[in-house]
Structure formats: structure tokens, C-alpha cells
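# Fold and geometry: a report
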2 protein chains.
Amino acid sequence: MNIGDVSRLSGLPAKTIRYYEDIGLIQPQRGDNGYRRFRDRDLHKLAFLGRARHLGFSIEDCRTLLALYEDRGRASADVKQVARQHLERIDSKLKELNQMRETLATLVSACAGDDRPDCPILADLAAPSAS
Amino acid sequence: MNIGDVSRLSGLPAKTIRYYEDIGLIQPQRGDNGYRRFRDRDLHKLAFLGRARHLGFSIEDCRTLLALYEDRGRASADVKQVARQHLERIDSKLKELNQMRETLATLVSACAGDDRPDCPILADLAAPSAS
DNA sequence: GATAGTGCTTCCCGTTACTGGAAGGTCAAG
DNA sequence: CTTGACCTTCCAGTAACGGGAAGCACTATC
């Protein structure tokens, strides 16, 4: 299978697939014409990577997870730790975003949004009132 | 005032302040020794930038907001639009993160986390059950 | 067999918002 | 006069690709 087919099947852009090879996440074979030749094993890995990335895991996490996935003797504790750390990062990001959202929503709803210059949003950025 | 003092006062790293000058957000004077000389106007701008960045606005948004801030004839509608678009980006990011969080939390709590290899997290990444 | 169109290759630059570090000039204290 | 803190510029690196150029490979058609 060529990269175009794999791209369509996996939903990953060809660029991304080449990138994953570059950084050593997959090792597709090569045909005589120099084209990458993907086999089932590569497809599985790419699907795995696509789902891991979709869950927000970093590339390095993905590398770790992939290694654990292929290690029949792994301990599930190792997998769980990677996932839990990621979960913590997500939680702290969520906290931060929720904070931003709250402030922003307040400011936006306080702003008249007409053609006059007075604007509580700018006022707050210039010197926050109380928070 | 030199960059070190400004950094301490504003809480922004000196590197960041130099970067903001590089991209034209501030234009501090220069002393005879070549050092940047910051005045009140620069301090105000940096404080403004710090707060806008803290709310998650992109640098380009900050540039726009700063321009609006300095334009006495602005329409608050213009400010509001920038803020509302940013709010929308935050909301969609929140949605995405909450989705991830939910899936991840489910998987993490389903994983024994012991020394055995069976792991629902890897199982899901390899082939998601139902979602 | 020539040609056109699509697909594949590598390579290099650009993105965001900085951060780290090197090499070197400046200033205040002792 | 030296030391140490502070300042300068410049270059490289980050995460995870995306855009695009230059060039080779394959397929279909005339």
C-alpha cells in the first residue's frame, strides 16, 4: 500500500505519516521505486497513533504508549501512569481555560458593543478592577 | 528604567520584553550606552499586554487590542468582536478538552494499574470499543 | 512512443510565543 | 583594576506538523 491509500484509510495527512516515520514512530518498507510500502502492522500503528493523538497525548507519550503496547510483558501500571499524568495536564489546562472563560464572558457581556469608545474590556486590560 | 527593573515590575521575562519590541508591540527609547530606556508609557503597554496574554489572547489579538486601546475614537463593537471571537475559540477548546478528559478518566479508572499486562487503555487505543 | 496527469520522493521554510545560551560591551563597588 | 551584575545582539531550539518547490515514477490515452 502506498502512502495515499494509508492516508485515506487512517485519516492522517500524508505529511503527518512521513513525519511519524522521520521521528521513528513507524518503519515502513520501501519498494524498488523508492515508495514507502505500508503493511498491516504499520496501519495498526498509525491508527493507534491517531487515536492517542486524538486524546491529546504528546508525541513522546505516544512513543511510550506504542512501546508499551508492543511489549507483551508490560505492567498496566506503567500505562496508567502515563495516562494519569496526561489527565492531570488536561485538568490544569481546563482550570486555566475556565478561568479565562469566566473573566472574558463577564467582560464581553459588560461591553455595549456599539460605536462609542467606552469599553469595559479595554478598561480591565488597562487596569483590572477586582479579581 | 532598564529592562531588569521593568521585568521585575511587570512580571514579564526580559526575553519576552525584548521580543515584544522585536515584533513592534513596544518602542522603548535607547540610552547612550545602547540600553533600552523604558518610560511610563512602555510600562503601561507591557502591563496591558501581560493581562491580555493572561486572558489567552494571541499576540496578534494583543496588537489589535493595543491599537484599539490607543485609538480614542474606537468603537467598543470592534473590541467586543475580538473578545467574542477569542471566547469562541476558548469554548471550542474547552469542549475538546472536556471530551478528552471524559474518555481518559473512564479509561484510567478502568485500568487496574498493577503489574499485569492487561490494560483497557491500550485496548481502547488499539481499537476503541464504543463511543 | 510521446504526453498528460496524478502520485510519490526529498528538502527547506514557516508557524506560535517565546526560552536558552554564547560572545561581548557597560556599569557600580571595592 | 578587577569582579560581578547587567545589558546588548544573534543563533538555535521548542511541538507537531503544513506549504510548496524540484524532480522522479506510474498509468492512461492518443
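Residues numbered from 1 in each chain as written. Chains lettered and ligands numbered in written order. Predicted model: local features only at pLDDT ≥ 70, side-chain atom pairs only at ≥ 80, totals over all residues.

## A word on the overall build of chain A
The helix and strand tally for chain A stands at six helices and two strands. What you see in chain A, going N to C, is helices and strands ordered as α-α-β-β-α-α-α-α. Computed over its C-alpha atoms, the radius of gyration of chain A comes to 23 Å, more than 25% above the 14 Å expected for a compact globule of 131 residues. The C-alpha extent of chain A, read off along each of the three principal axes, is 70 × 40 × 20 Å. Pairs at least 24 residues apart make up 39% of the contacts formed inside chain A by residues separated by at least 6 positions. (Helix = DSSP H or I, 4+ residues; strand = E, 2+ residues; numbered from the N terminus. Rg over C-alpha atoms; globule rule 2.2 N^0.38 Å. Contact = placed C-beta atoms within 7 Å.)

## Things to note about the interface of chain A and chain B
Each partner contributes residues to the interface: chain A has 46 residues there, and chain B has 46 residues. Elements with a contribution of two residues or more to the side of chain A that touches chain B: α3 (40–54), α4 (59–70), α5 (76–110) and α6 (120–126) of chain A. Ranked by residues supplied to the side of chain A that touches chain B, first place goes to α5(A) with 20 residues. Its residues placed into classes, the side of chain A that touches chain B shows 28 nonpolar, six polar and twelve charged. (Nonpolar A, V, L, I, M, F, W, Y, C, P; charged D, E, K, R; others polar.)

## Re the UniProt feature "coiled-coil region" (unreviewed entry) in chain A
Listed under "coiled-coil region" (unreviewed entry) in the UniProt record, and renumbered for this structure, are residues 80–107 of chain A. Helix and strand shares over residues 80–107 of chain A are 100% and 0% respectively, and the end C-alpha atoms of the span are 40 Å apart. (UniProt positions renumbered as here; feature names shortened; annotations may be inferred.)

## Thoughts on the protein's contact with DNA strand C
Around DNA strand C, the surrounding shell holds 17 residues, and the nearest of these are Asn2(A), Gly4(A), Arg36(A), Asn33(B) and Ser58(B). Of all elements in the fold, only α1 (3–10) and α2 (14–22) of chain A together with α2 (14–22) and α4 (59–70) of chain B reach the threshold of two or more residues within the surface near DNA strand C. Broken down by element, the surface near DNA strand C gets its largest block of residues, three residues, from α2(B). Of the residues in the surface near DNA strand C, the class split is six nonpolar, six polar and five charged. (Near = placed C-beta within 6 Å.)

## Regarding the domain arrangement of chain A
What the domain assignment reports for chain A is domain 1 (1–57) and domain 2 (75–131). Its C-alpha centre places domain 1 of chain A at a distance of 36 Å from the equivalent point of domain 2 of chain A. (Domains from an automatic or database assignment.)

## Structural notes on the UniProt feature "domain: HTH merR-type" (unreviewed entry) in chain A
Within the UniProt annotation, "domain: HTH merR-type" (unreviewed entry) is assigned to residues 1–68 of chain A. Helix makes up 62% of residues 1–68 of chain A and strand 6%, whereas the separation of the span's terminal C-alpha atoms amounts to 26 Å.

## Things to note about the relation of the copies chain A and chain B
For the pair chain A and chain B, the superposition axis carries a translation of 0.0 Å, the fit reaches an RMSD of 0.0 Å, and the rotation angle comes to 180 degrees. In the structure described here, the two chain copies are related by an operation that fits a two-fold rotation axis. Ranked by how close their C-alpha atoms come to the rotation axis, the residues of chain A are headed by Leu94(A), at 3.4 Å. When you check the interface residues of chain A against chain B, 100% turn up at the interface there too, and the contact is symmetric in its surfaces. (Least-squares fit on C-alpha atoms with pLDDT ≥ 70 in both.)

## Some details on the protein's contact with DNA strand D
As a structural note, the neighbourhood of DNA strand D is formed by 17 residues, with Asn33(A), Ile59(A), Asn2(B), Gly4(B) and Arg36(B) the closest of them. Considering each element in turn, the surface near DNA strand D owes the most residues, three residues, to α2(A). Class assignment for the residues of the surface near DNA strand D results in six nonpolar, six polar and five charged.

## What to know about the packing of α3(A) against α4(A)
Residues and elements named next belong to chain A. Interaxial distance between α3 and α4 falls to 10 Å at its minimum, and their mutual angle equals 135 degrees. Here α3 lies oblique to α4, going by the angle between them. In terms of crossing hand, the pair formed by α3 and α4 is right-handed. Of α4, the residues touching α3 (which contributes Lys45, Phe48, Leu49, Ala52 and Arg53) are Cys62, Leu65, Leu66 and Tyr69. The class makeup of the residues in the contact of α3 with α4 is seven nonpolar, no polar and two charged. (Axes fitted to C-alpha atoms, helices over the stretch in contact; angles between N-to-C directions. Parallel < 35°, antiparallel > 145°, perpendicular 65-115°, else oblique. Left-handed = near helix turned anticlockwise from the far one by under 90°.)

## Thoughts on the confidence of the model for chain A
Summing up the model confidence of chain A, the mean pLDDT is 96 and the portion of residues at 70 or higher is 98%. When mean pLDDT is taken per element in chain A, strand β2 (residues 36–37) of chain A scores highest with 98 and α1(A) scores lowest with 96. (pLDDT = per-residue confidence, 0-100.)

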